[in-house]
Amino acid sequence: MLDAVKLRCGVPSAITVYDTEFKDLISDALEDMRTAGIPETLLEDKGANTNPRVLTAVSLYVKAMRGDDRTDTDMYLNLYHKKVFKLQLEPVQEVM
C-alpha cells in the first residue's frame, strides 16, 4: 500500500526519505476508518488487490496531513470523509 499511496501523492517509490511519515499516516488513516466502522475485510492490504476505494481514502488522508502546506487540508479532509461515508455503506461480505 505504501508505494501506491506515495505514487498517488506524487512521490516516486524510489524516494524513501518520507517513508516513515507515510507509514504513520497510512496507519492513522486505517485506524480512523476502523473507528468509523469500515469492515476490516475492506481495509486489508492485499498488495495490487487492495480495495481501490480504500486506497483512495488513505491517499486523501495522507495528502491532507503531510507536509507543511496547509492551504488544501480542508479540501482533502472533506473528500476523505465523503469517501469514508461511502465505504461505511459497503455491505460486509462473510468469509467462508
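This text follows the structure it describes.
So, how was this worked out
- The numbering scheme is per chain: residues are counted from 1 as the chain's sequence reads.
- For this predicted model, a pLDDT threshold of at least 70 governs which residues receive local features, and a threshold of 80 or more governs which side-chain atom pairs are given and counted, while totals over whole chains, interfaces and linings are taken from all residues.
- Computation of side-chain values: all heavy atoms of the structure, hydrogens and water removed.
- Under the scheme used here, helices are H or I runs from DSSP no shorter than 4 residues and strands are E runs no shorter than 2 residues, and both carry numbers assigned from the N terminus.
- By this rule the span expected of a helix is its residue count minus one, scaled by 1.5 Å.
- Remark: exposure states derive from per-residue accessible area (1.4 Å probe, protein chains only) relative to the maximum for the residue type, with buried under 20%, exposed over 50%, and partly exposed in between.
- Working note: the arc is built from the helix axis to C-beta atom directions.
- Contacts are assigned to residue pairs with any non-hydrogen atoms lying within 4.5 Å of each other.
- Lines fitted to C-alpha atoms define the axes here, with helix axes fitted over just the stretch in contact, and angles between the N-to-C directions of these axes take values from 0 to 180 degrees.
- By the definition adopted for this analysis, an angle is roughly parallel if under 35 degrees, roughly antiparallel if over 145, roughly perpendicular if from 65 to 115, and oblique otherwise.
- Crossing handedness is defined as follows: a turn of the near helix away from the far one that is anticlockwise and smaller than a right angle gives a left-handed crossing, while the clockwise case is right-handed.
- In this count, Pro and Cys sit with the nonpolar residues alongside Ala, Val, Leu, Ile, Met, Phe, Trp and Tyr, while Asp, Glu, Lys and Arg are called charged and the others, Gly among them, polar.

Engineer: Help me understand helix H5 (residues 73-88) in this model?
Structural biologist: Every α-helix carries 3.6 residues per turn, so stepping three or four residues along brings you back to the same face. Compared with the 22 Å implied by 1.5 Å per residue over 16 residues, the 22 Å span of H5 between its first and last C-alpha is a close match. Thr73, Tyr76, Leu77, Tyr80, Val84 and Leu87 are the residues of H5 that are buried. One side of H5 carries all its buried residues, which in axial view fall inside an arc of 100 degrees. Exposed and oriented more than 90 degrees from the buried face of H5 are Asp74 and Lys86. Here the buried face of H5 lies against helix H2 (19-35), helix H3 (40-43) and helix H4 (52-65).

Engineer: Where do I start with the packing of H4 against H5 in this structure?
Structural biologist: The geometry of a pair of packed helices is captured by two quantities: the angle between their axes and the separation between those axes. Where H4 contacts H5, the two axes come as close as 8 Å, and the packing angle between them is 155 degrees. In terms of axis orientation, H4 runs roughly antiparallel to H5. When the axes of H4 and H5 are compared, the crossing they make is left-handed. Listed contacts from H5 to Arg53, Val54, Thr56, Ala57, Leu60, Tyr61, Lys63, Ala64 and Met65 of H4 are Thr73, Tyr76, Leu77, Leu79, Tyr80, Lys83 and Leu87. The residue makeup of the contact of H4 with H5, split by class, is 11 nonpolar, two polar and three charged.

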